[in-house]
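This is what each chain is made of:
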Amino acid sequence: MTEDQINTLLAQVEAADGLDVAVLGAVSAKIADRFPGAAALDFDGLSVTDGALHLVDTCLPGWTISLHGKALEPDGHWRCSLRESSSRDNDAFVGVGQGATVGQAMLVALLKLVKSGAGAQ
């Protein structure tokens, strides 16, 4: 996946008014070259939040997922950070994403990690 493709996908996820299973599938397919397990995921029957969590868990097993935010209707203000460890402050790679929903924040953080070059190869 080229940097332009990552930037395009990242912009789509950041600008989306709402995410659905199709978006999860598109992200999963696009990052499968870096995270082979992502290609085999099935998001049918999952909420977007559960699907995003499943994708992050598959791509980054053992990583720490931190969520902060305020649940406001109709849009929340969520921030997600992905770190290799919760016990150190000097991780080489950290993904940080923001979004109106938890799932959106997690996908943005994951795509920013992909853009930085982090993760399985």
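One can find the structure itself at the top, above this paragraph.
Keep in mind the model is a prediction, meaning the values are calculated, not measured. (Residues numbered from 1 in each chain as written. Predicted model: local features only at pLDDT ≥ 70, side-chain atom pairs only at ≥ 80, totals over all residues. Heavy atoms only, no water.)

Asker: Give me the overall build of the chain: which residues, what numbers.
Answerer: Tallying secondary structure elements over the chain gives four helices and three strands in all. The order of helices and strands in the chain, counted from the N terminus, is α-α-α-β-β-β-α. For the chain, with 121 residues in total, the buried portion stands at 38%. In the chain, of all internal contacts separated by at least 6 residues, the share reaching a separation of at least 24 is 47%. Of the roughly 6,500 Å² of accessible surface on the chain, a fraction of 49% belongs to carbon and sulfur atoms. (Helix = DSSP H or I, 4+ residues; strand = E, 2+ residues; numbered from the N terminus. Buried < 20%, exposed > 50% of the residue type's maximum accessible area, 1.4 Å probe, protein only. Contact = heavy atoms within 4.5 Å. Areas by Shrake-Rupley, 256 points an atom, 1.4 Å probe, with all protein chains shown as cover.)

Asker: Give me the lowdown on the side chain of arginine 34, citing residues and values where you can.
Answerer: Tracing the chain through its elements places arginine 34 in the loop between helix 2 (21-30) and helix 3 (48-59). The side chain of arginine 34 sits in the buried core without any salt bridge; aspartate 33 is the nearest counter-charge, 6.0 Å away. Here valine 114 takes part through its backbone oxygen, which lies 2.5 Å from a polar atom of the side chain of arginine 34. (Lys, Arg positive; Asp, Glu negative; His and termini not counted. Salt bridge = Lys/Arg side-chain N within 4 Å of Asp/Glu carboxyl O. Polar contact = N/O pair within 3.5 Å; in protein donor to acceptor, adjacent residues only side chain to side chain.)

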